[in-house]
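Single-letter residue listing:
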Amino acid sequence: MLLRMSTTLLRTLREDPADAEVPSHRLLLRAGYIRRAAPGGYTWLPLGKLVLDRVTEIVRAEMTAIGDQEVHFPALLPAEPYRTSGRWTEYGDDIFTLADRRGAEHLLAPTHEELAALLVKDLFSSYRDFPVTLFQVQTKFRDEARPRAGLLRGREFLMKDAYSFDLDEAGLRAAYGRHRDAYRRIFDRLGLDYTVVHAMSGAMGGSASEEFLAATPVGEDTYVGCTGCDYAANTEAVTTPAPPEGEPQAQPVAEVHDTPETPTIASLVALANERRLAGRDDWTAADTLKNVVLTARRPGVEAAELLVVGVPGDREVDLKRLAAALAPATVDVFDAWDEHPELVRGYIGPQVFDKLAVRYLVDPRIVPGTAWLTGANEPGRHATNVVCGRDFTPDGTVEAAEVRPGDPCPACATGRLTMRRGIEIGHIFQLGRRYTDAFAVDVLGPQGKPIRPTMGCYGIGVSRAVAAIAEQHHDERGLVWPESVAPCDVHLVAAGKGPQLDAALDLGARLAAAGLRVLVDDRAGVSAGVKFTDAELIGIPRTVVVGRRLTDGYVELRDRANGERTELLLETVAERLLGTVGRNVV
């Protein structure tokens, strides 16, 4: 393949676009790989499409290598299967819906579990047909409220999704393991630094899931590791070790105290120590019980439910963790204080929630027998020795408190949690029978009795992977593509007039004939300095400069990743490049 910059649809930008928030967005736009077409939608220009196709080729190769079969489902889907599974309402505003001219409702597919289950039901009837795994690479849609960060959070994106069907749990675990290993090979080949972490299943459902997160400071996901073991999890999936339960009746009786002008935890702790409430002057924020009022709305239900979440006062409620724990319900901040005078803002305690019929969920650290300093439900008053299991009884526990570096590891006795940010590039799920139950997918077993298959699903954000690679492989001058996904193997720069251009085109033709992907900067009227700047911005692994020393028979080979520059005889450069790229001369 030989591309000439004089005729290729490629326009580089000198300045960062005003709306570009993260390095991948900024550089992919500036280097001419993508152009914004609409909020959350991008046009792939020729170089960008080459990168996208190379990533897709790697993903497809590893999927077929483990026996997955490629199909292609429609993107425009009828509503009925999604109503049957419950996801029409669970997805809420996150899906694009529309009606055809006859009024029939449809959606633009976010994922295809329903269609995969129906296809298997349609075509397979015997246990002999299993196991089977289907996959596709297809455009997906999500009605993002605020598209941002370029390809990382768009409304339209390319995704590889696979669906496995097995007759028992052992088969599901085996399929899950095969895809987990294949994903590792894929992301290794893409040159990504990633971590596999425990995750929440969300609207997909299922019993277990893991995410593959590419490490980057601009990642939307926060995940933890452990200093003492190999535990890793998205913060949404981190579990909190609970303390031992105590005897609630053994605690001192609760006391109410005047605590004027203490609407915050810090002011309350300061006053409690100053006045030695309950005979103590060692109160800390961790001894207080903070009660945060929210609203929760279940899918398909018009009215929101009042919800209070109790956490130790040294922690904030992490709304992202809470939303993951309560999914598919959505959670919002409560602000209708005037409509609920029974909730005394700044002085709320759990002692009245039973009487008020308010749903109350607490952090796992709040166990029976633990005593707390908390609100007394009167302006300017708090209570000490408010005991869980005696003075209040929660409706359940919820993982909603923020996770911090240094927190104890839930998987080992000695480790402490560390925190990083990352981009979700893959997610795998053990779905179980949620979808085969919904559609009554049954096949005849060896004894002539029906067997209901169990499912797994496995997703990779293909277009998002391009952005993740760009996030991890760039410097202050531009992109630095790994060889496995670069749009071209070699970038030839004709730095001069006359013989330099002819020599560059001749070398490019010979390299292309030998099987290399070649980009030649043959633009007329463009200075050598601009061409060098563009070469670094575009980020192809090797640049060959055909310049002044051509008269002596030399060209310069530049390595984009390490900056090395080597002068080579023109007659030897083709052999050198073919050997470096790892291909043989045709």
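Residues numbered from 1 in each chain as written. Predicted model: local features only at pLDDT ≥ 70, side-chain atom pairs only at ≥ 80, totals over all residues. Heavy atoms only, no water.

**Q** It is not clear to me how the overall build of the protein chain should be interpreted in this structure. Could you clarify?
**A** The secondary structure content of the protein chain amounts to 14 helices and 32 strands. Once the C-alpha set of the protein chain is aligned to its principal axes, its extents read approximately 95 × 70 × 50 Å. The buried share among the 586 residues of the protein chain stands at 51%. Residue pairs in contact within the protein chain that sit at least 24 positions apart in sequence constitute 69% of those at least 6 positions apart. Of the roughly 25900 Å² of accessible surface on the protein chain, 50% is carried by carbon and sulfur atoms. (Helix = DSSP H or I, 4+ residues; strand = E, 2+ residues; numbered from the N terminus. Buried < 20%, exposed > 50% of the residue type's maximum accessible area, 1.4 Å probe, protein only. Contact = heavy atoms within 4.5 Å. Areas by Shrake-Rupley, 256 points an atom, 1.4 Å probe, with all protein chains shown as cover.)

**Q** Can you help me understand the nonpolar core in this one?
**A** Proteins that are soluble and globular tend to have nonpolar side chains buried together. Ranked by internal contacts, the top residues of the largest apolar core, which has 61 residues, are Phe187, Leu190 and Trp481. What Leu190 contacts, discounting residues up to four positions off in sequence, is Val55, Ile58, Ala465, Ile469, Pro482, Ser484 and Val485. Of all hydrophobic cores here, the second largest spans 26 residues; its members include Leu77, Ala109, Ala116 and Ala117. (Core = buried A, V, L, I, M, F, W, Y, C linked by side-chain atoms within 4.5 Å.)

**Q** What is the right way to look at the sheet that holds strand 16 (residues 305–312) in this model?
**A** Strand pairing in a sheet relies on backbone hydrogen bonds, with the paired strands running either antiparallel or parallel. Taken in spatial order, the 5 strands line up as 17-15-16-18-21 in an open sheet, and their pairing is mixed. One side of each edge strand has no neighbouring strand; the edge strands of this open sheet are strand 17 (330–333) and strand 21 (396–397). Where strand 15 (residues 289–297) lies against strand 17, 4 bridges are found, and the strand directions are antiparallel. Opposite Ala296, over in strand 17, you have Val331 as the bridge partner. Across the sheet, helix 8 (residues 319–326) lies against strand 15, strand 16, strand 17 and strand 18 (359–362), angled at about 145° from strand 17, the strand it touches most. (Pairing = 2+ DSSP bridges. Axes fitted to C-alpha atoms, helices over the stretch in contact; angles between N-to-C directions.)

**Q** Looking at this structure, how should I read the packing of helix 2 (residues 46–65) against helix 6 (residues 169–189)?
**A** Working note: a packed helix pair is described by the angle between its axes plus the distance between those axes. With their axes 10 Å apart at the nearest point, helix 2 and helix 6 run at an angle of 150° to one another. The orientation of helix 2 relative to helix 6 falls into the category roughly antiparallel. Between helix 2 and helix 6 lies a crossing of right-handed hand. Note on element contacts: helix 6 touches helix 2 through His179, Ala182, Tyr183, Arg185, Ile186 and Arg189, opposite Ile58, Val59, Ala61, Glu62 and Met63. The class makeup of the residues in the contact of helix 2 with helix 6 is 7 nonpolar, 1 polar and 3 charged. (Parallel < 35°, antiparallel > 145°, perpendicular 65-115°, else oblique. Left-handed = near helix turned anticlockwise from the far one by under 90°. Nonpolar A, V, L, I, M, F, W, Y, C, P; charged D, E, K, R; others polar.)

**Q** What exactly am I supposed to notice about helix 6 here?
**A** Side chains of residues three or four places apart in an α-helix project in the same direction, reflecting 3.6 residues per turn. With 21 residues, helix 6 should reach 30 Å at 1.5 Å per residue; the first-to-last C-alpha distance of 30 Å fits that figure. For helix 6, the set of buried residues is Gly171, Leu172, Ala175, Tyr176, His179, Ala182, Tyr183, Ile186 and Phe187. The arc enclosing the buried residues of helix 6, seen along the axis, measures out at 135°, which places them on a common side. With a side-chain oxygen positioned 3.4 Å from the backbone nitrogen of Ala170, the residue opening helix 6 is Asp168. Phi for Gly191, located one or two positions after helix 6, is positive at around 75°. (Expected span 1.5 Å × (residues − 1). Arc of directions from axis to C-beta. Polar contact = N/O pair within 3.5 Å; in protein donor to acceptor, adjacent residues only side chain to side chain.)

**Q** Whenever I open this one, unusual backbone geometry confuses me. Can you help?
**A** Most peptide bonds take the trans configuration, and most residues that are not glycine carry a negative phi. Here the residue pair Phe130 and Pro131 is connected by a cis peptide bond, since its omega of 0° sits within 30 degrees of zero. If you trace the backbone, Pro131 turns up in the loop between helix 5 (113–123) and strand 8 (132–141). Geometrically, the link from Ala327 to Pro328 is a cis peptide bond, its omega value of 15° lying close to zero. Mapped onto the fold, Pro328 is located in the loop between helix 8 and strand 17. You will see that Ala278, though not glycine, has its phi angle at about 55°, which is positive. If you trace the backbone, Ala278 turns up in the loop between helix 7 (265–275) and strand 15. Residue classification places Ala278 among the partly exposed positions, given a relative accessible area of 33%.

**Q** When you look at the pairing of strand 25 (residues 454–461) in this model, what are you seeing that I'm missing?
**A** Note on strand geometry: in a regular strand, side chains alternate between the two faces of the sheet. Within strand 25, 8 of the 8 residues are buried, which leaves it mostly tucked inside the rest of the structure. Here strand 25 shows two buried faces, one formed by Thr454, Gly456, Tyr458 and Ile460 and the other by Met455, Cys457, Gly459 and Gly461. Relative to strand 25, strand 9 (residues 156–166) runs antiparallel, the two sharing 8 bridges. Each bridged residue has a counterpart across the sheet, and for Tyr163 the counterpart in strand 25 is Cys457.

**Q** I tried to follow the pairing of strand 20 (residues 381–387) on my own but got confused; where do I start?
**A** Counting buried positions along strand 20 gives 6 out of 7 residues, so the element sits mostly inside the fold. Bridge count between strand 14 (residues 255–258) and strand 20: 4 bridges; the pairing is antiparallel. Considered in strand 20, the bridge of Asp258 is made with Arg381. Where strand 19 (residues 371–378) meets strand 20, 5 bridges bridge the pair, whose relative direction is antiparallel. Within strand 20, the residue paired with Thr374 across the bridge is Ala383.

**Q** Help me understand the packing of aromatic side chains, please; the structure alone is not making it clear to me.
**A** Pairs of aromatic rings are described using the distance from one ring centre to the other and the angle between the two planes. Taken as a whole, this structure holds 11 aromatic pairs when the rule is applied. Counting every residue linked through ring pairs, the aromatic cluster contains Tyr183, Phe187, Tyr194 and Phe212. The ring of Trp283 carries the charged tip of Arg280 above its face, separated from the ring centre by 3.9 Å. Its guanidinium or amino end placed over the ring of Phe532, Arg558 lies 4.4 Å from that ring's centre, counting from NZ or CZ. (Phe/Tyr/Trp six-rings, centres within 6.5 Å; stacked < 30°, edge-to-face > 60°. Lys NZ or Arg CZ within 6 Å of the ring centre and 35° of its normal.)

**Q** Looking at this model, I keep getting lost on the packing of helix 1 (residues 23–30) against helix 11 (residues 462–472). Mind explaining?
**A** Where helix 1 contacts helix 11, the axes come no closer than 8 Å and their chain directions differ by 100°. One way to sum up the angle between helix 1 and helix 11 is to call them roughly perpendicular. Contacts between helix 1 and helix 11 involve Pro23, Ser24, His25 and Leu28 on the former and, on the latter, Ala467, Ala470 and Glu471. A per-class count over the contact of helix 1 with helix 11 returns 4 nonpolar, 2 polar and 1 charged.

**Q** What am I meant to see in the pattern of salt bridges here?
**A** Between side chains of opposite charge, a pair can form as their charged atoms come close. Counted under the stated rule, the structure contains 51 salt bridges. Where Asp258 meets Arg381, a salt bridge forms, and the shortest distance between an N and an O atom there is 3.0 Å. Note that Asp258 is positioned in strand 14 and Arg381 in strand 20, a separation of 123 residues in sequence. When its relative accessible area of 25% is taken as the criterion, Arg381 is described as partly exposed. Counted as one network, the salt bridges with shared partners bring together Asp94, Arg142, Glu144, Arg148, Arg153 and Glu220. (Salt bridge = Lys/Arg side-chain N within 4 Å of Asp/Glu carboxyl O.)

**Q** I'm lost on the environment of Cys229 in this one. Help?
**A** As for its position among the elements, Cys229 is in the loop between strand 12 (221–226) and strand 13 (232–234). Once residues within four sequence positions are removed from consideration, Cys229 is found in contact with Cys409, Ala411 and Cys412.

**Q** Please clarify how the sheet that holds strand 29 (residues 518–521) should be interpreted in this entry.
**A** With mixed pairing, 6 strands are arranged side by side in an open sheet as 1-29-28-30-31-32. Edge positions in the open sheet fall to strand 1 (2–4) and strand 32 (565–569), since each of these has one partner strand only. When the angles between neighbouring strand axes are averaged without regard to direction, this sheet yields 25°. Pairing geometry for strand 28 (residues 490–494) and strand 30 (residues 542–546), over 5 bridges, is parallel. Residue Ala494 lies in a different strand from strand 30, and its bridge partner there is Val546. Strand contacts of helix 14 (residues 570–581): strand 28, strand 30, strand 31 (554–559) and strand 32, with the helix running at about 125° to strand 32, the strand carrying the most contacts.

Taken by themselves, the reported measurements are silent on function.
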